[in-house]
Amino acid sequence: MTIQSILRRCLQFIPVFFGITLLSFGLIYIAPGDPVGIRLSAGGIAADPQLVERMRADMGLDAPFLVQYGRWLGHFLRGDMGTSYVTDIPVAVTFWKAVPYTLRMAGSAILLTLLISLPVGMVIAAYRNSCPDYGIRFLTFILNATPGFILGIVLMFLFSYRLGWIPVLATTKPVGMVLPALTLALVMSSRYIRQIRAAALDELEKDYIVGLRARGISERVILLRNVLKNIMVIVVTLTGISIGSLLGGTVIIETIFNWPGVGSLIMTAIASRDYPVIQAVVVWMALAFFLVNLIADLSYRYFNPKIKDL
């Protein structure tokens with residue numbers, strides 16, 4: 001991918017960015033509930049009509065939709081994420097506290113997923129239609145059909161309640177990241193393994209593989225040096241999609257394990273109609289998907305030089 005194509009992708013992202021922020025702001029705006037009422041209720045204050053109107057004016061909620069959106073966008077483009085409607089804390093402070101937790105969990109989940117999926121997918125492709133192949137494929141179907149929160153609760157029951165190895169609720173310590181990362185890795189591995197197996201089988205049926213075998217090259221070398229490299233484009237695509245989703249925060253998993261990441265932050269913000277926090281997370285998700293997809297496109301040329309610039 002050349003510099004020109006990278007710049008073109010960046011320019012294409014600009015209208016997408018504005019569209020995403022406008023749509024998300026509009027959906028929250030028309031949703032039932034009022035930030036002022038929620039804030040007063042949380043503080044145990046009676047919702048006096050005059051007090052409500054005064055607070056709405058102070059928070060800028062009495063302005064039309066486009067005015068509110070324009071104010072937020074203008075502040076954001078100047079580097080100001082705004083102030084939380086609920087806590088009166090700058091959104092940047094709250095947001096950047098949550099991001100490192102999501103980054104650690106996402107990185108751990110992706111690494112664990114690849115460590116499980118790549119060798120397992122390659123092995124069952126090499127031993128197609130064997131007992132291990134049937135058994136692992138059946139297990140992946142079960143895991144893929146199991147909701148993530150159910151799997152998380154089962155892991156919590158086994159490792160926390162029964163064995164006592166890990167605290168019931170995840171903490172900010174490294175040990176608290178084990179179960180949420182493992183839950184995400186098992187769910188993603190159930191999809192990765194099938195995709196890697198299918199790609200490896202397709203590669204093993206090509207003519208050049210027959211030639212390599214005729215030259216006496218071992219199956220292990222063929223799998224590692226040829227097949228694995230040629231299917232990395234598919235692996236990179238899967239990884240890019242997963243990283244983008246994980247960086248946006250996994251709301252259910254973070255909530256179950258009490259993990260203070262972006263997913264938990266946006267869940268709380270949506271419940272309290274905290275517009276500035278919601279918009280900060282939406283922008284983060286949009287940028288995360290864009291950057292991950294851009295890096296994935298760059299890596300395609302490394303693994304397969306035949307791929308031309310998009």
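A few points on the structure. Computed from a prediction, not measured in an experiment: that's the story for all the values here.

Looking only at helices and strands, the protein features 14 helices and zero strands. Structurally, the protein occupies a C-alpha span of about 85 × 55 × 30 Å along its principal axes. Sorting the 310 residues of the protein into buried and exposed places 42% on the buried side. Across the protein, the fraction of contacts at a sequence separation of at least 24, relative to all contacts at a separation of at least 6, is 74%. Per element, the accessible surface of the protein, about 16,800 Å² overall, is 69% carbon and sulfur. Of the side chains in the protein, 26 bear a positive and 17 a negative charge, and the two mean positions are spaced by 10 Å.

Next up on the list: the pattern of salt bridges. A complete count under the given rule lists four salt bridges for this structure. Arg128 is the salt-bridge partner of Glu205, the closest N and O atoms lying 3.2 Å from each other. Residue Glu205 is found in the loop between α8 (178-204) and α9 (207-214), and its partner Arg128 is found in the loop between α5 (91-126) and α6 (131-145); the two are separated by 77 residues along the sequence.

Glancing now at unusual backbone geometry. The phi torsion of most residues other than glycine is negative, and most of the peptide bonds are trans. Despite not being glycine, Asp88 shows a phi value in the positive range, around 60°. Checked against the element boundaries, Asp88 lands in the loop between α4 (65-77) and α5. Exposure remark for Asp88: the relative accessible area of 46% places this residue in the partly exposed category. Its identity is not glycine, yet Asn258 carries a phi of approximately 55°, on the positive side. Along the chain, Asn258 falls in the loop between α12 (251-256) and α13 (262-271). What makes Asn258 partly exposed here is its relative accessible area of 47%.

A separate point is the environment of Pro174. One can find Pro174 in the loop between α7 (148-162) and α8. A C-alpha to C-alpha distance of 12 Å links Pro174 and Pro100, two positions 74 residues apart in sequence.

Under the criterion given, the structure shown has 16 aromatic pairs. Relative to Phe65, the ring of Phe25 lies with its centre 5.7 Å away and its plane at 50°, an arrangement referred to as tilted. Taken together, the residues Phe25 in helix α1 (residues 3-30) and Phe65 in helix α4 connect sequence positions 40 residues apart. For the pair Trp96 and Trp284, a centre-to-centre distance of 6.3 Å together with 85° between the ring planes defines the contact as edge-to-face. In this pair, Trp96 is assigned in helix α5 and Trp284 in helix α14 (residues 275-303), connecting sequence segments 188 residues apart. For Trp96, a relative accessible area of 47% puts it in the partly exposed group. We classify Trp284 as buried; its relative accessible area is 16%. These aromatic residues form a ring-pair network of at least three members: Phe13, Phe17, Phe18, Phe25, Tyr29, Phe65, Tyr69, Trp72, Phe76, Tyr85, Tyr275 and Phe290.

Attention shifts here to helix α10 (residues 219-230). Those residues of α10 lying buried are Ile222, Leu223 and Val227. Across the axial projection of α10, the buried residues extend over an arc of 95°, all falling on one side. For α10, the exposed residues set more than 90 degrees away from the buried face come down to Arg220 and Arg225. Along its buried surface, α10 packs onto α5, α8 and α9.

What follows is about the layout of surface pockets. In this structure, the largest pocket spans a volume of roughly 390 Å³. Taken together, 17 residues line the largest pocket, and the ones lying closest to its centre are Met59, Gly82, Thr83, Tyr85 and Pro276. For the lining of the largest pocket, the secondary structure elements donating two or more residues are α4 and α14. Here the lining of the largest pocket takes four residues from α4, the largest share from any one element.

Quick notes on the rules
Residues numbered from 1 in each chain as written. Predicted model: local features only at pLDDT ≥ 70, side-chain atom pairs only at ≥ 80, totals over all residues. Heavy atoms only, no water. Helix = DSSP H or I, 4+ residues; strand = E, 2+ residues; numbered from the N terminus. Buried < 20%, exposed > 50% of the residue type's maximum accessible area, 1.4 Å probe, protein only. Contact = heavy atoms within 4.5 Å. Areas by Shrake-Rupley, 256 points an atom, 1.4 Å probe, with all protein chains shown as cover. Lys, Arg positive; Asp, Glu negative; His and termini not counted. Charge placed at Lys NZ, Arg CZ, Asp CG, Glu CD. Salt bridge = Lys/Arg side-chain N within 4 Å of Asp/Glu carboxyl O. Phe/Tyr/Trp six-rings, centres within 6.5 Å; stacked < 30°, edge-to-face > 60°. Arc of directions from axis to C-beta. 1 Å grid on protein atoms, 1.4 Å probe; cavity = no way out; pocket = protein on both sides within 12 Å on 5 of 7 lines; lining within 4 Å. Points joined across faces, edges and corners; volume = space filled by probe spheres on them.

So far we have only geometry, and geometry alone does not tell us how the molecule works.
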